[in-house]
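Understanding the architecture of this molecule
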Amino acid sequence: MTTGLDAELIEQGRKLFAGEWQFIWASPSIETLPPMAGLEVAFAGRSNVGKSSLINALTGRSTLARTSRTPGRTQELIFFEGPKGADVRLVDMPGYGFASAPKARIASWTSLIHDFLLGRATLARVYVLIDARHGIKDIDKTVLGTLDRSAVSYQVVLTKADEVKAAEMAERTDTTRTQLASHPAAFPDVLVTSSRTGGGIPELRAAMARLIGEHRR
Ligand SMILES: Nc1nc2c(ncn2[C@@H]2O[C@H](COP(=O)(O)OP(=O)(O)OP(=O)(O)O)[C@@H](O)[C@H]2O)c(=O)[nH]1
Ligand SMILES: [Mg+2]
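Conventions adopted
Residues numbered from 1 in each chain as written. Chains lettered and ligands numbered in written order. Predicted model: local features only at pLDDT ≥ 70, side-chain atom pairs only at ≥ 80, totals over all residues. Heavy atoms only, no water. Helix = DSSP H or I, 4+ residues; strand = E, 2+ residues; numbered from the N terminus. Rg over C-alpha atoms; globule rule 2.2 N^0.38 Å. Buried < 20%, exposed > 50% of the residue type's maximum accessible area, 1.4 Å probe, protein only. Contact = heavy atoms within 4.5 Å. Areas by Shrake-Rupley, 256 points an atom, 1.4 Å probe, with all protein chains shown as cover. Lys, Arg positive; Asp, Glu negative; His and termini not counted. Charge placed at Lys NZ, Arg CZ, Asp CG, Glu CD. Donors = N, O, S within 2.8 Å, 3.2 Å for Na, K, Ca; no water. Pairing = 2+ DSSP bridges. Right-handed = clockwise from strand over helix to strand, strands pointing away. UniProt positions renumbered as here; feature names shortened; annotations may be inferred. Core = buried A, V, L, I, M, F, W, Y, C linked by side-chain atoms within 4.5 Å. Polar contact = N/O pair within 3.5 Å; in protein donor to acceptor, adjacent residues only side chain to side chain. Expected span 1.5 Å × (residues − 1).

With that out of the way, let us pick up the overall build of the protein chain. Each helix and strand in the protein chain was counted, giving six helices and seven strands. Taking 2.2 N^0.38 as the reference for a compact globule, 217 residues should give roughly 17 Å; the C-alpha atoms of the protein chain span a radius of gyration of 16 Å, in line with that estimate. Across its three principal directions, the C-alpha atoms of the protein chain cover 45 × 40 × 35 Å. Among the 217 residues that make up the protein chain, the fraction classed as buried is 50%. Sequence separation of 24 or more characterises 74% of the internal contacts of the protein chain that already satisfy a separation of 6 or more. Working note: accessible area of the protein chain is about 10,500 Å², and carbon and sulfur atoms make up 52% of it. Averaging the positions of the 27 positive and the 23 negative side-chain charges in the protein chain gives two centres separated by 4 Å.

A few words now on the coordination of the magnesium ion (ligand 2). Around the magnesium ion (ligand 2), the protein contributes the donor atoms S52 (OG) and T74 (OG1), at 2.0 to 2.2 Å from the metal centre. A residue pair is termed long-range when its members are at least 10 positions apart, and S52 in helix 2 (residues 51-59) and T74 in the loop between helix 2 and strand 3 (77-81) qualify at 22 residues. When its relative accessible area of 7% is taken as the criterion, S52 is described as buried.

Among the seven residues that make up strand 6 (residues 153-159), six are buried, leaving the element largely enclosed by the rest of the structure. By the bridge criterion, seven bridges tie strand 5 (residues 123-131) to strand 6 in an arrangement that is parallel. The residue of strand 6 that forms the bridge with V128 is V156. Between the parallel pair strand 5 and strand 6, the chain is carried across by helix 4 (residues 138-149), and the sense of this crossover is right-handed. Sheet analysis places strand 6 next to strand 7 (residues 191-192), joined by two bridges and oriented parallel. The residue bridging L158 from the neighbouring strand is V192, located in strand 7. What joins strand 6 to strand 7 is helix 5 (residues 166-180), and the crossover it makes is right-handed.

What follows is about the UniProt feature "domain: EngB-type G" (unreviewed entry) in the protein chain. Using the residue numbers shown here, the UniProt feature "domain: EngB-type G" (unreviewed entry) corresponds to residues 37-214. Along residues 37-214, the helical share is 38% and the strand share 20%, with 17 Å between the first and last C-alpha atoms.

This part is about the sheet that holds strand 6. The seven strands lie next to each other as 1-3-4-2-5-6-7, forming an open sheet whose pairing is mixed. Edge positions in the sheet fall to strand 1 (22-27) and strand 7, since each of these pairs with one other strand and no more.

With that settled, consider the nonpolar core. Of all hydrophobic cores here, the largest spans 32 residues; its most connected members are L77, M93, F116, L117, V126 and V128. Contributing elements (two or more residues each) for this core: strand 2 (39-45), strand 3, helix 3 (103-119), strand 5, helix 4, strand 6 and helix 5. If sequence neighbours within four positions are ignored, M93 has contacts with A42, F43, A44, K51, T74, E76, L77, I113, F116 and L117. In this structure, L54, A65, L129 and L204 belong to the second largest nonpolar core, which totals 29 residues.

One non-glycine residue, N48, adopts positive backbone phi at about 80°. Within the secondary structure layout, N48 lies in the loop between strand 2 and helix 2. Judged by relative accessible area, N48 falls into the partly exposed class, the value being 33%. Of note, K160 is a non-glycine position whose phi angle comes to about 60°, a positive value.

A word on the side chain of T74. Note on T74: relative accessible area 12%, which makes it buried. At 3.0 Å, the side chain of T74 and the side chain of S52 are in polar contact. When sequence neighbours within four positions are dropped, the list of residues in contact with T74 reads S52, R66, D92, M93, P94 and G95.

Let's shift gears to helix 3. Within an α-helix, residues lying three or four positions from one another point in the same direction, as the helix has 3.6 residues per turn. Here helix 3 contains 17 residues, and its C-alpha end-to-end distance of 24 Å stays within 8% of the 24 Å for a straight helix at 1.5 Å per residue. Where helix 3 is concerned, the buried positions are W109, L112, I113, H114, F116 and L117. Those residues of helix 3 that are buried are in contact with strand 1, strand 2, strand 3, strand 4 (88-92), strand 5 and helix 4.

Here it is, written out as structure tokens:
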């Protein structure tokens, strides 16, 4: 899990997220996005997969992003800004695959998600969250397809690892890696996290610290 992420990067990641993170903007449509600035990292995934919870775990603020047991909690693109000087934003996205919402709303969320992923020049990385209990579903494949067509680097994060036994987790990680082999734009490796236990959070912070370092060069 720590492949390529050495102690120094883990420390840089810790520092990045030890700073103050705050809400800056919510956008219900592609026309109302904040002016582009700095570097943006977005969290995409099926409704209820744990996107907002992961942002809270990363920033160490349990109520920064709104979470809920019922799907469909995040209904806009929500932007959070990092500490001054870091010039980085996190974007909490509405979930997809929430079948019981009205059709028109599903359509508008779906186009918002795909338009944002395809057309945002400041978007430097997308983490596609996949529930570790279920693995990649067909609906996830459409989003991976969009990302393949965009210029954004993306990586899969398996969430809710605390709900899965170690042996099954190893198998799910392997299967997911194999599925990603047909997506050349994806990171070949997957991250494994639990917002509940904090597992994998230092590694994800480190991955973002590395991304910022790469963009500064
Ligand atoms: N066991 C466990 N539950 C989690 C974890 N992360 C999130 N959850 C739970 O999953 C549910 C959904 O979490 P959210 O963070 O709101 O999910 P989301 O992807 O933002 O959902 P939408 O905004 O509706 O798309 C909540 O009940 C969380 O407590 C985790 O790591 N482990
Ligand atoms: Mg959410």
